[in-house]
Amino acid sequence: MSAPSSLRTPWLPKLVIAPGFLLAFAFIYGLMAWNGYLSLSASRLLPNYEFVGLEQYERLFDSERWWVALTNLGIFGTLFIGGAMAIGLLLAILLDQKIRAEGLLRTIYLYPMALSFIVTGTAWKWILNPGLGIEHLVRQWGFENFNFDWLVTPDRAIYCVVIAGVWQSAGFVMALFLAGLRGIDESIIKAAQVDGASLPRIYWRILIPSLRPVFFSTLMVVSHLAIKSFDLVMALTAGGPGYATDLPATFMYAMAFSRGQIGLGAASATIMLATVAAIVVPYLYSELRSRK
């Protein structure tokens, strides 16, 4: 290769990807900035660029429905993250025993993640419907006094969203933990067995503490799923009964696209973005520091 052509080579890949990068940057970060400005404007049914400062945020935090959405996010986030990680870790430990039909079981556990949250929400809506699902089936078996009407009970409907979410994500978490367990040097396990440590003690004292990076990465991913949950709630409960299962994402959609309150919806979206950033940015910072 001649000297001139070798000098031209380094900028050619950058030139090829530059249009896509610029478009992605404009559409992602440009729209984020636009949404941030709308949250500081007097926008209602249509965008209105009159600057009103933090008025939309004051209206947001004076809204009872927003506080319901935040409370539901706390309940859903805690149970969804804790349940998915606990069940996923347990399944990973069981599969790590190199049991028969491991490949089949791993596929079964991972299958829910292949479905969209819309499909999951619709399926669980049928399963938890008192007139069609579990309650109806058990009553047909002869247990006439059996009740399982959480889906239509305002105080319990959010737990139906938790059940569907954990079912969807536990297999994905299992795959992450199983990969972490399989990456641990087997000589450590054999040395512990020679010293007389039991299998539960090996997992509790050695293997699970060795999964700290996997725990942290999994927590980031599942937390992100919890904060931006929208399609699962819309398919399963549509935010109801009433707005008993509203989450910040469904609140934003309702305000911006159904109630004609674009500024209020933009303010709630900005709060969601700040929450996600508070989780993701420290993770990215720690990753960058670890690579130096």
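Figured I'd write up the structure that's included with this text. Computed from a predicted model, the values in this text were never measured in an experiment.

Considerations on the layout of surface pockets
Inference 1: In this model, the largest pocket occupies a volume close to 440 Å³.
Inference 2: Along the wall of the largest pocket there are 17 residues; nearest its centre are Leu31, Met32, Asn35, Met252 and Ala269.
Inference 3: Elements that contribute at least two residues to the lining of the largest pocket include exactly helix H2 (11–38), helix H13 (248–258) and helix H14 (262–291).
Inference 4: Looking at the lining of the largest pocket element by element, the count peaks at seven residues for H14.
Inference 5: Partitioning the lining of the largest pocket into residue classes produces 14 nonpolar, three polar and no charged.
Inference 6: Taken as a whole, the second largest pocket holds about 270 Å³ of empty space.
Inference 7: Forming the walls of the second largest pocket are 14 residues, and the residues nearest its centre are Asp96, Lys98, Glu186, Ile189 and Tyr203.
Inference 8: Those elements giving two or more residues to the lining of the second largest pocket turn out to be helix H8 (157–182), helix H9 (186–194) and helix H10 (199–210).
Inference 9: Looking at side-chain class alone, the lining of the second largest pocket contains seven nonpolar, two polar and five charged residues.

Quick word on the side chain of Ser268
Inference 1: Here Ser268 is to be found in helix H14.
Inference 2: Those residues in contact with Ser268 that lie beyond four places of it in its chain are Leu60, Trp66, Phe251 and Met252.

Structural notes on H2
Inference 1: The end-to-end C-alpha distance of H2, which contains 28 residues, comes to 38 Å, matching closely the 40 Å that a straight helix rising 1.5 Å per residue would cover.
Inference 2: For H2, the principal kink sits at Ile17 and spans about 40°; a proline, Pro19, occurs within the next four residues.

Topic: the environment of Gly239
Inference 1: Residue placement: Gly239 occurs in the loop between helix H12 (231–236) and H13.
Inference 2: A relative accessible area of 1% places Gly239 in the buried class.
Inference 3: A sequence separation of 126 residues divides Gly239 from Met113, and the C-alpha atoms of the two residues are 23 Å apart.

Examining the packing of aromatic side chains
Any aromatic ring pair is given by two values, namely how distant the centres are and how the planes are angled relative to each other.
Inference 1: The full count for this structure, using the stated rule, is 13 aromatic pairs.
Inference 2: Ring-pair connections join several aromatic residues into one group, and the members of that group are Phe61, Trp66, Trp67 and Phe251.

With respect to the pattern of salt bridges
Inference 1: All chains considered together, the criterion is met by five salt bridges.
Inference 2: Notably, a salt bridge pairs Arg106 with Glu102, separated by 2.9 Å at the nearest N-O pair. With a gap of four residues between them, Arg106 and Glu102 both fall in helix H5 (residues 102–110), about one helical turn apart.
Inference 3: Residue Glu102 pairs with Arg182 through a salt bridge whose shortest N-O separation is 3.1 Å.

Some details on unusual backbone geometry
Inference 1: Residue Pro241 follows Gly240 across a cis peptide bond; omega there is -5°.
Inference 2: Within the element layout of this structure, Pro241 appears in the loop between H12 and H13.
Inference 3: Residue Ala101 is not a glycine yet carries a positive backbone phi of 55°.
Inference 4: When you line up the elements, Ala101 lands in the loop between helix H4 (64–95) and H5.
Inference 5: We classify Ala101 as partly exposed; its relative accessible area is 46%.
Inference 6: Phi at Ala238 is positive, roughly 55°, even though this residue is not glycine.
Inference 7: Tracing the backbone shows Ala238 in the loop between H12 and H13.

Rules used in this analysis
- Residues numbered from 1 in each chain as written.
- Predicted model: local features only at pLDDT ≥ 70, side-chain atom pairs only at ≥ 80, totals over all residues.
- Heavy atoms only, no water.
- 1 Å grid on protein atoms, 1.4 Å probe; cavity = no way out; pocket = protein on both sides within 12 Å on 5 of 7 lines; lining within 4 Å.
- Points joined across faces, edges and corners; volume = space filled by probe spheres on them.
- Helix = DSSP H or I, 4+ residues; strand = E, 2+ residues; numbered from the N terminus.
- Nonpolar A, V, L, I, M, F, W, Y, C, P; charged D, E, K, R; others polar.
- Contact = heavy atoms within 4.5 Å.
- Expected span 1.5 Å × (residues − 1).
- Bend = angle between axes of the 7 residues up to and from the residue.
- Buried < 20%, exposed > 50% of the residue type's maximum accessible area, 1.4 Å probe, protein only.
- Phe/Tyr/Trp six-rings, centres within 6.5 Å; stacked < 30°, edge-to-face > 60°.
- Salt bridge = Lys/Arg side-chain N within 4 Å of Asp/Glu carboxyl O.

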